[in-house]
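# Residue-level structure breakdown
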Amino acid sequence: EAGVAQSPRYKIIEKRQSVAFWCNPISGHATLYWYQQILGQGPKLLIQFQNNGVVDDSQLPKDRFSAERLKGVDSTLKIQPAKLEDSAVYLCASSIAANEQYFGPGTRLTVT
Amino acid sequence: AQSVTQPDIHITVSEGASLELRCNYSYGATPYLFWYVQSPGQGLQLLLKYFSGDTLVQGIKGFEAEFKRSQSSFNLRKPSVHWSDAAEYFCAVGYNDMRFGAGTRLTVKP
């Protein structure tokens, strides 16, 4: 069974630029999550999708972050414009039910 | 609001020694509890989970954890640590809205 795929693995941008991350969940997993993991901290949930609908985006900074899952499969997370404090690893996870999440390798973002 | 505390930021143990990583949680209902491990540059891998039933849970790689409701704890243990266990360990609580602790970094001395 293929795992959760994410790309790119690494990204370096300057502040005020925009960036997008892509996630392909495990086939058949209806629930998809985006987490932000700042160095030295645990992952923080940004947004959760159930199929193509948003379940929870209470911790998503909506003034600069957006996410979509148009066909209920792949998802993209965008930051526009980026700030220095957005430097982090962005993790995507998926699950069949909300009891066991499978994580991708993450995208490490550096904002200079 | 639910939260997780991992009191130890960094722990060093000798190879072959026993290990216990602490986790305390705050949750309004019956908690769903998890332990994940993260190796450098890798995503998180689930070690074990507790939903209900037997309070001693067995996981992968020889790990186990014990749920103690009276202490709001879910400590992770391993009787004999291997060098390959060096990693970051995260405790998490929740169901749809999972919350992670800040993590404990494990160093294994030869």
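From a predicted model like this one, the values you see are computed outputs, not experimental measurements.

Residues and elements named next belong to chain B. The element strand β6 (residues 44-50) is extensively covered by neighbouring structure, given that 5 of its 7 residues are classed as buried. Alignment of strand β5 (residues 33-38) against β6, held across 6 bridges, turns out to be antiparallel. Bridge assignment links Trp35 to a residue of β6, and that residue is Leu48. If you look at the hairpin formed by β5 and β6, you'll find 5 residues sitting between the two strands, and Gly41 has a positive phi there, around 75°.

Taken together, the contacts link 19 residues of chain B with 20 residues of chain A. Of the roughly 1500 Å² buried where chain B meets chain A, counting both sides, 48% is carbon and sulfur surface. Applying the counting criterion to the chain B and chain A interface returns 1 salt bridge. Note that Glu100 of chain A is salt-bridged to Lys49 of chain B, the shortest N-O span being 2.6 Å. Our count for the chain B to chain A interface comes out at 3 residue pairs in polar contact (both at pLDDT 80 or more). When residues of the side of chain B that touches chain A are traced back to their parent elements, those giving at least two are β5, β6 and β11 (99-100) of chain B. The class makeup of the residues in the side of chain B that touches chain A is 10 nonpolar, 6 polar and 3 charged.

Now for the side chain of Gln2 of chain B. Considering the arrangement of structural elements, one finds Gln2 of chain B in the segment before β1 (3-5). Residues within four places of Gln2 of chain B in sequence aside, it is in contact with Ser26, Tyr27, Val93, Gly94, Asp97, Met98 and Arg99 of chain B.

Residue and element names in this part refer to chain B. Taken as a whole, this structure holds 7 salt bridges over all chains when the rule is applied. Of the charged contacts, one joins Asp8 and Arg22 as a salt bridge, the two residues approaching to 2.9 Å between their closest N and O atoms. With Asp8 in the loop between β1 and β2 (10-14) and Arg22 in the loop between β3 (19-21) and β4 (24-26), this residue pair connects regions lying 14 residues apart in the sequence. According to the relative accessible area criterion, Arg22 is partly exposed, its value standing at 37%.

Another aspect to go through is unusual backbone geometry. All names here are of chain A. Pro8 follows Ser7 through a cis peptide bond whose omega is -10°. Looking at where Pro8 falls in the secondary structure, it is placed in the loop between β1 (5-7) and β2 (10-13). For the bond running from Gln80 to Pro81, omega is -5°, close enough to zero to count as cis. Turning to its location among the elements, Pro81 is positioned in the loop between β8 (75-79) and β9 (88-95). The phi torsion at Arg16 lies on the positive side, around 80°, for a residue other than glycine. With respect to the secondary-structure elements, Arg16 resides in the loop between β2 and β3 (19-24). You will see that Asn51, though not glycine, has its phi angle at about 55°, which is positive. Its location among the elements puts Asn51 in the loop between β5 (44-50) and β6 (53-56).

The next point concerns the packing of aromatic side chains. Scanning the entire structure with this criterion turns up 15 aromatic pairs over all chains. By the ring-pair criterion, three or more aromatic residues cluster together here, those being Tyr33, Tyr35 and Phe103 of chain A together with Tyr32, Phe34, Tyr36, Phe51 and Phe100 of chain B.

Take the side chain of Asp56 of chain A next. Among the structural elements, Asp56 of chain A can be located in strand β6. There is no salt bridge for the buried Asp56 of chain A, and the closest opposite charge comes from Arg99 of chain B, which lies 5.0 Å off by N-O distance. Among the polar contacts made by the side chain of Asp56 of chain A, one reaches the side chain of Ser58 of chain A at a distance of 2.8 Å. Aside from chain neighbours lying at most four places away, what touches Asp56 of chain A is Leu45, Leu46, Ile47 and Gln48 of chain A together with Asp97 of chain B.

Turning our eyes to something else, we now look at the state of the cysteines. One pass over the full model with this rule turns up 2 disulfides over all chains. One disulfide bridge connects Cys23 of chain A with Cys92 of chain A, the sulfur atoms lying 1.9 Å from each other. Across the S-S bond linking Cys23 of chain A and Cys92 of chain A, the dihedral sits near -70°, which makes this disulfide left-handed. Residue Cys23 of chain A is located in strand β3, and its partner Cys92 of chain A is located in strand β9; the two are separated by 69 residues in the primary sequence. Of the two residues, Cys23 of chain A and Cys92 of chain A, neither departs from the other in class, the shared state being buried. In this model, Cys23 of chain B is linked to Cys91 of chain B through a disulfide, with the two sulfur atoms separated by 1.9 Å. Between Cys23 of chain B and Cys91 of chain B the disulfide shows an S-S torsion of about -65°. By sign, it is left-handed. Of this pair, Cys23 of chain B sits in the loop between β3 and β4 while Cys91 of chain B sits in strand β10 (residues 87-93); the two residues are 68 residues apart in sequence, bridging distant segments of the chain.

Conventions used here
Residues numbered from 1 in each chain as written. Chains lettered and ligands numbered in written order. Predicted model: local features only at pLDDT ≥ 70, side-chain atom pairs only at ≥ 80, totals over all residues. Heavy atoms only, no water. Buried < 20%, exposed > 50% of the residue type's maximum accessible area, 1.4 Å probe, protein only. Helix = DSSP H or I, 4+ residues; strand = E, 2+ residues; numbered from the N terminus. Pairing = 2+ DSSP bridges. Contact = heavy atoms within 4.5 Å. Buried area = accessible area lost by both parts, 1.4 Å probe. Salt bridge = Lys/Arg side-chain N within 4 Å of Asp/Glu carboxyl O. Polar contact = N/O pair within 3.5 Å; in protein donor to acceptor, adjacent residues only side chain to side chain. Nonpolar A, V, L, I, M, F, W, Y, C, P; charged D, E, K, R; others polar. Phe/Tyr/Trp six-rings, centres within 6.5 Å; stacked < 30°, edge-to-face > 60°. Lys, Arg positive; Asp, Glu negative; His and termini not counted. Disulfide = S-S within 2.5 Å.

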